[in-house]
Amino acid sequence: MAYYLMVGKSNKAKDNPIIVGSIEFDLYATITSLQKRFQLSILTQLCDLFDDYTFSNNELIQAKQGLYQVMVIKDLRENELAFVYKLIAIVCFAIDSGYPLYGVAD
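It should be emphasised that the depicted structure is a prediction, and the values quoted were computed from it without experimental measurement.

Draft legend 1. Layout of the pairing of strand β1 (residues 2-7). With 5 of 6 residues buried, β1 is to be regarded as a mostly interior element. Here β1 runs beside strand β2 (residues 18-24); their pairing, made up of 6 bridges, is antiparallel. Bridge pairing in β2 places M6 opposite I19.

Draft legend 2. Summary view of the packing of helix α1 (residues 28-38) against helix α4 (residues 78-97). At a closest axis distance of 10 Å, the pairing of α1 and α4 adopts a crossing angle of 85°. Classified by the angle their axes make, α1 and α4 are roughly perpendicular. On the side of α1, the interface is formed by T30, I31, S33, L34 and R37, while α4 contributes N79, E80, F83 and V84. Taken together, the residues that form the contact of α1 with α4 break down as 4 nonpolar, 3 polar and 2 charged.

Draft legend 3. Main features of the side chain of Q35. Relative to the helices and strands, Q35 resides in helix α1. According to the relative accessible area criterion, Q35 is buried, its value standing at 18%. Not counting residues up to four positions away in its chain, the partners in contact with Q35 are L40, L43, T44 and C47.

Draft legend 4. A look at the pattern of salt bridges. Under the definition given, this model contains 4 salt bridges. The residue K14 makes a salt bridge to D15 at a minimum N-O spacing of 3.6 Å. Ionic pairing is found between D75 and R37, a salt bridge with its closest N-O pair at 3.3 Å. Of this pair, D75 sits in the loop between α3 (57-71) and α4 while R37 is found in helix α1, placing the two residues 38 residues apart along the sequence. By relative accessible area, which is 34% here, R37 ends up partly exposed. Salt bridges here are not isolated pairs; linked through shared partners, they connect R37, D75, R77 and E80.

Draft legend 5. Region of interest: the environment of N57. Secondary-structure assignment places N57 in helix α3. The exposure class assigned to N57 is partly exposed, which follows from its relative accessible area of 40%. Taking C-alpha positions, N57 is 29 Å from E78, a pair spaced 21 residues apart along the chain.

Analysis parameters
Within each chain, residues carry numbers counting from 1 in the order of the written sequence. pLDDT decides what is reported in this predicted model: residues at 70 or higher carry local features, side-chain atom pairs at 80 or more are listed and counted, and totals for whole chains, interfaces and linings draw on all residues regardless. Think of the side-chain values as coming from all heavy atoms in the structure, minus any hydrogens and water. Residue exposure (1.4 Å probe, protein chains only): buried if accessible area is under 20% of the type maximum, exposed if over 50%, otherwise partly exposed. Runs of H or I in DSSP of at least four residues are treated as helices and runs of E of at least two as strands, each being numbered from the N terminus. DSSP bridges decide pairing: two strands pair if at least two such bridges lie between them. Angular values range over 0 to 180 degrees, each being the angle between N-to-C directions of two axes fitted as lines to C-alpha atoms, with helices fitted over their stretch in contact. By definition in this entry, angles of less than 35 degrees are roughly parallel, angles greater than 145 are roughly antiparallel, angles of 65 to 115 are roughly perpendicular, and the rest are oblique. Note on definitions: a residue-residue contact is assigned when non-hydrogen atoms from the two residues lie within 4.5 Å. Gly falls in the polar group here, along with every residue not listed as nonpolar (Ala, Val, Leu, Ile, Met, Phe, Trp, Tyr, Cys, Pro) or charged (Asp, Glu, Lys, Arg). Salt-bridge detection follows one rule: a side-chain nitrogen of Lys or Arg within 4 Å of a carboxyl oxygen of Asp or Glu.

Structure, rendered in structure tokens:
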């Protein structure tokens, strides 16, 4: 099972969204661990890997700021830091593209 993160006009195939990342179910423990510690809205949404979600530009800007703060914390485990880096890249790509980010359950 994967949760796809896509950027584009919509998450519909006819609009050719770009799949910029995916989250496999084995990352769920990492996401929930980070969410419990930092309470970022984007992590809360990603904890529900079974529902589609649209992240607006304002949500993405807030997520980027929060993820930057988490990135510099010294006591992150290696897998947590790797996920934070991945999520920062995805969020920044969406912001720079000017389109929303869509989380689509598979």
